[in-house]
Every structure is written in structure tokens, then in C-alpha cells.
Amino acid sequence: MKEDNIIEVSKLTRRFGDFTAVDHISFEVKRGEIFGFLGANGAGKTTAIRMLTGLLTPTSGAAMVAGEDVFTRAEAIKKKIGYMSQKFSLYEDLTVTENIRFYGGIYGLSGRNIRSKTEELLHRLEITGVRDRLIRDLPLGWKQKLAFSTAVIHDPAIVFMDEPTSGVDPITRRQFWDLIYEASDRGTTVFVTTHYMDEAEYCDRVTIMVEGRIDALDTPGGLKRRFGAPDIDEVFVKLARSGSGAANRLGKNAETRSDESAANRPGRGATPPPGEGTASRSNPNQPEGGGAT
Amino acid sequence: MSVTVRNLKKKYGDIEALKGVSFEVNPGERFGFIGPDGAGKTTLFRILVSLLLPDDGEARVIGLDPVTGYKELRRRVGYMPGRFSLYQDLSVEENLRFFATIFNTTVSANYDLIRDIYHQIEPFKKRRAGDLSGGMKQKLALSCALIHKPDVLFLDEPTTGVDAVSRREFWDMLDKLKATGLTVLVSTPYMDEASRCDRIALMHRGHILDVNTPQGISGNFGRELWAVRADRCYRLLKALRSFPHAGSVFTFGEQVHYTDRRDDFNPEELKSWLESEGLAQVQIEKIRPTVEDTLISLMDRQEGGGPPDNSATEFHRT
């Protein structure tokens, strides 16, 4: 493994029956890089990330993450990485400090270490005043920032982030990216997937997956030049539309569930946030709590 | 007027979701509500389609009061809620047939309206709705919301969580609908979608901050806006923030959008200063503000210029 590579992937492949979700992908990520992972729903991003985080064994190929082999050392990988998902990360019915203590514990930090990290974290995020408040009572932006900080509390080599800023207001989003920049500055590698194409531009390099393959891998500027596009959105559209079958993209594959259900099972917790998946049967003729009678 | 709203208010316990919003939508208009989570968009839409009672204020949708005229209203509006809410265990065509039936019509009666949309998912018509990809679910939900030929269509964040290509396709479909004269109210957290609306309302924390055409909104930015680039983005960001005359500093992809506090700002001076801070390839150009720039500026002003999210009672999506 080369000195400053934190991830090395070679012809990594994952099949489900006769469907190939990830098709011989190869790439490297350097220590401290902010690496953007883009792709349409169903392109294979989630499967690829699950293999890299030790949650899914590949079918063939090779990959090293933080010096560990994904085939044989999946548990070791989990200790060296952080993971943050948009839909679930912190326990809503625990307080700020309880969540920090919980995750610190899971990541194997000592009691004293957790206490000092807690103070450091609360001060850095300027949320010392709400240390005993329940997560569910915090504004979304604060939750996001706290979730990120908890995901890196054990100073992992790499943090994987699955659509971390969905729905958050533009100012809070930028504050969040400040945290990412700082982490990268400290040498933490950040692996992020996003549907906000302008966020792809904050990354050092970006890869775009189409139908299980990596169809582009370059700096944002490089991609824009190569595709003659003014922004990553345009690059993405050009690539995705040039794929070998709109029919394929429309859903003849295993990853047809929307991101809401598929992307959030790895790692933390079991309960989906309240409201998710419960209101699947609303129709206009049915009053919803508080409606007129 | 297709929709008229005056001083609408709604609270959930202590949390004020809508703090007195007012606006009007013209027939045939495509009217966008742009704002992040917690702005009040979903609450507003639920009130207008009669699923929620307001605490105060009034509203009329195609002349009907959602509180008292809800029966007639529900026959004549189309609604696509923020989360996929069709029957997961019914197939695509079963869902469509179901909605046609409860609106007392048939799939063929108004098929023209949904043809272009439904065509794209027709090959999968026997697939269970729960097994569709995000983009396909959208198309099905839109078809079901149109099947009874509504007079007004309410789309609550129809493109959230869906990839960029599907998002574009969805807006292309909306373009085609426009030709039919249908009034469309759509909410979105994506700023770039604002430019595809006739007029937009910027929303934040229960308030409407401004209502105008997309170009008009940016026209109200009020100051000169500059795009700054350099070789290292994060270092540039930190440097600009420490510049003594910095007004606002916000990243936008590979550039930083900057305003200066002085009226006689000279970009050359900033360029030299940045170079003296060790940055290379510095470029500074004047640009037209986008909707996002304007929303950030309005939010910043609303917060009194301090960091947002200070109040722990801010409403957030549950």
C-alpha cells in the first residue's frame, strides 16, 4: 500500500445473483482528502460504501481501507472509521452528553478521554449551554454538527458521510462544511456522498458512478473542463444520460429502493426517525390529525 | 386569483410553524416556495389542501376556504406530499387505477394529461410501488396527483432525495404541464430550482422573507457581490474571513462569494492582500447575485447578522 493512500481499491466487484451492483471499480484516496462520491440512485454507491466500511463482503477484487483488507479485516476497519448518515445518527431520546458518552464508549475511548473530548467538543461547537438537552429538542443544524463531531470523536482515519446536509439551510450547510474542512486539515480523510452538486465542488476529487462502474474521477475543475460543463450538475447529467441504457437506470436492478430505505441500515441504531415510513397510506380524502371533520 | 393567503398562522404546541404568511398566486402560474427544513413549507401546503387547520388568518384556494369548503376542494386539487405516500404493496397500475376510482373517474378519461409522465414508468406497471427507484416513485406520485385533472397542483418537495438527472426530468415534466394552464405550487430546498418558477417566495422559520420573480429577488440583494477564487479554497475562506473590511463571506463551490463593508471597495486591494497571505492564482470578479445569495443575505439580516440556530426553540422537522 502506497505511503499516503488511505484507501486502495482494485477491480472491486459485488454481484447479487446475476445482477452486478458494483462492476470492477478501481481508485485510490489519499490521506486527508475530501473525496466526493456521486451517482444516481441505483448506480451502486451505497453498495460500494458498504463494502468499504466492512459491512458487506465483496464478490471479487481487492480493497484496503486504513491499512486493513476488506475481505479479512472488516471488524478492524469498523474501528478505524467514522460513519454519519443523514437519516440517523444520534439518539433522539438521549441528551447531548449522553450521546457523546455512548459513542465514545462504542469507539473504545476511556472514561477520562470521553470526558475531556466532551468538553472540547461542546466548546468547539459552542453548545455548552445545551449539554443536558435531549437531541430531539435541538435544531436540525445543531444535530448535524454534533452528529459529525461524534462520528469523529475517536479521531478515525476516515469518516464516511452519507448525504449529511440534506434539507439544512444554506448557512448551516456551510458551517457544516467548515467542520469537514477542519477535519481534512487535521488529516482525516472524508468520504462524502451528496445530491447537492455544488457540494461536489468542495471536494478535492469527485467520482461519479454509473451502472456500477466509475465513469469519472477527477478534481471538480478537471471534470468541468473535460465535459465542457459550467458546473458538476451538468457533468453529472451528461454522464448519466450517456449511460448504456436509460432502461437500466429506470430500475431493472436490485438497488431500486429509494435512498430513504436502502442507505441507512449500516452501523448505528435500529429505529428510523419518527414519521419515516409510517404515513405510507395518506390519500387526499383522509384527514390527517387535526383535519376538518 | 388561484390562491390567496392572508396572515396565516399555525403553531404546534410552543413551536410557531407559520408566523403570519401572506401571498397570492395567479391562475396558470408556477409558484415556488424556497426554503430549508423548518421554514414552514409543508405546514403551509397541508393547510391549503385542507389536511390541517390553521390557528389564524385565512386562505382561499380556487375560491374555496380549505376549512369549510374542504369537500369540494379535495375533489379539485392535486397533492403530492413530501414523502412517498402511495400504496407500497400495490403495483404501479393498481395505484393509478385506485386514485382514479376514488376521484370518480377512470385512468383513460384524463390519460392525455399524464401520458408523457406515465409512459416512462409504464414498462414497470406491474411492479410494486415499494420496489420502485426514487425517480420512478416521483413519476407515479405525480401521475396519481393529476389523474383527476385538478385545477391546482400542490407539490411538496417533489425532488428531495432524488438524483440530479431525475430532478431535471421532473421539472421538464412540469414545463409540459404548464402548457395546460394548470396552476402549480411547488416547494423545494434546492435553490437552482427557484429559477424554473414564475415567481417564488423565500421562506425561513415560518416567515415569508420576500416574494418576486427569481430575477426580481436577486435584484433586491442591495450590495455588490464578488466571486473570489484562489488555489486553495479553505485557506482562501479563512483569509477572507480575517480581512478587516469583510462583510459577508460564503463558499459557493470552488468560489467564495464576498461582500465588502465599504462603498469604495477596490478588488485590486483585496487581491494584493490575499497574495500577501500566501494565496496564488487569485481571481476576483463581480457577479450577479443568485437566489441562494439573496436567501442567505435575508436570513443573515433576519438573525441580526449573528450566527443562526441560536434559538433552541426553532422549529425543526419531526
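Residues numbered from 1 in each chain as written. Chains lettered and ligands numbered in written order. Predicted model: local features only at pLDDT ≥ 70, side-chain atom pairs only at ≥ 80, totals over all residues.

(A) Local environment of the overall build of chain B. Across its full length, chain B holds 10 helices and 13 strands. With respect to the three principal axes, the spread of C-alpha positions in chain B is 70 × 45 × 35 Å. Across the 318 residues of chain B, 49% fall into the buried class. Taking as baseline every contact in chain B between residues at least 6 positions apart, the subset at least 24 positions apart corresponds to 71%. (Helix = DSSP H or I, 4+ residues; strand = E, 2+ residues; numbered from the N terminus. Buried ≥ 20, exposed ≤ 12 C-beta atoms within 10 Å, placed from the backbone. Contact = placed C-beta atoms within 7 Å.)

(B) Layout of the sheet that holds strand β7 (residues 183–188) of chain B. Residue and element names in this part refer to chain B. The strand order β5-β6-β7-β3-β8-β9 describes an open sheet built from six strands, whose pairing is mixed. Across the chains shown, the open sheet's two edge strands, defined by having one partner strand only, are β5 (77–80) and β9 (207–212). With strand direction ignored, the average angle separating the axes of adjacent strands in the sheet is 15°. Looking at chain direction, strand β3 (residues 30–34) and strand β8 (residues 199–204) are connected through four bridges and run parallel. Following the sheet pairing, G32 is matched in β8 by I200. (Pairing = 2+ DSSP bridges. Axes fitted to C-alpha atoms, helices over the stretch in contact; angles between N-to-C directions.)

(C) Up close: the nonpolar core. Membership of the largest hydrophobic core comes to 86 residues, with the highest contact counts inside it found for I34(B), L48(B), L140(B), F154(B) and L202(B). For this core, the element with the most residues is helix α5 (residues 134–146) of chain B, which contributes seven residues. Not counting the four nearest positions on each side in its chain, F154(B) is found in contact with F45(B), L48(B), V49(B), V77(B), G78(B), Y79(B) and L185(B). Counting residues in each nonpolar core, the second largest holds 75 residues, with V22(A), M64(A), I81(A) and I180(A) among its members. (Core = buried A, V, L, I, M, F, W, Y, C linked by C-beta atoms within 7 Å.)

(D) Representation of the packing of α5(B) against helix α6 (residues 164–178) of chain B. Residues and elements named next belong to chain B. Between α5 and α6, the least distance of the axes is 10 Å, while the angle of their chain directions is 20°. One way to sum up the angle between α5 and α6 is to call them roughly parallel. In this structure, α5 crosses over α6, and the sense of that crossing is right-handed. In contact with G134, G135, Q138 and L142 of α5, α6 contributes S166, F170 and M173. (Parallel < 35°, antiparallel > 145°, perpendicular 65-115°, else oblique. Left-handed = near helix turned anticlockwise from the far one by under 90°.)

(E) Expanded view of the environment of G161(B). Residues and elements named next belong to chain B. With respect to the secondary-structure elements, G161 resides in the loop between β6 (152–156) and α6. By the C-beta count within 10 Å, which is 23 here, G161 ends up buried. Considering only alpha carbons, one finds G161 and G135, 26 residues apart in sequence, at a separation of 9.3 Å.

(F) Structural view of the packing of helix α3 (residues 92–102) of chain B against α5(B). All names here are of chain B. Where α3 contacts α5, the two axes come as close as 8 Å, and the packing angle between them is 20°. Here α3 is positioned roughly parallel relative to α5, judged by the angle of their axes. As for the relative orientation of α3 and α5, their crossing is right-handed in sense. Note on element contacts: α5 touches α3 through L140, S143 and C144, opposite V92, N95, L96 and F99. Partitioning the contact of α3 with α5 into residue classes produces five nonpolar, two polar and no charged. (Nonpolar A, V, L, I, M, F, W, Y, C, P; charged D, E, K, R; others polar.)

(G) Region of the structure containing helix α6 (residues 170–185) of chain A. Taking 1.5 Å per residue, 16 residues should reach 22 Å; α6(A) reaches 22 Å between its end C-alpha atoms and fits that length. Every buried residue belonging to α6(A) is among P170(A), I171(A), T172(A), R173(A), F176(A), W177(A), I180(A), A183(A) and S184(A), and all of these are buried. Those residues of α6(A) hidden inside the fold are in contact with β3 (34–39), α5 (140–151), β7 (158–162) and β8 (189–193) of chain A together with β11 (246–252) and α10 (291–302) of chain B. At the exit of α6(A) stands G187(A), carrying a positive phi of roughly 100°. (Expected span 1.5 Å × (residues − 1).)

(H) View of the pairing of β3(A). All names here are of chain A. A large share of β3 lies buried, amounting to six of its six residues. Burial of the side chains of β3 extends over both faces: I34, G36 and L38 are buried on one face and F35, F37 and G39 on the other. With four bridges joining them, β3 and β8 adopt parallel strand pairing. Across the sheet, the residue bridging to F35 is F191, located in β8. The pairing of β3 with strand β9 (residues 205–210) spans five bridges and is parallel. Across the sheet, residue F35 finds its bridge partner in β9, namely R205.

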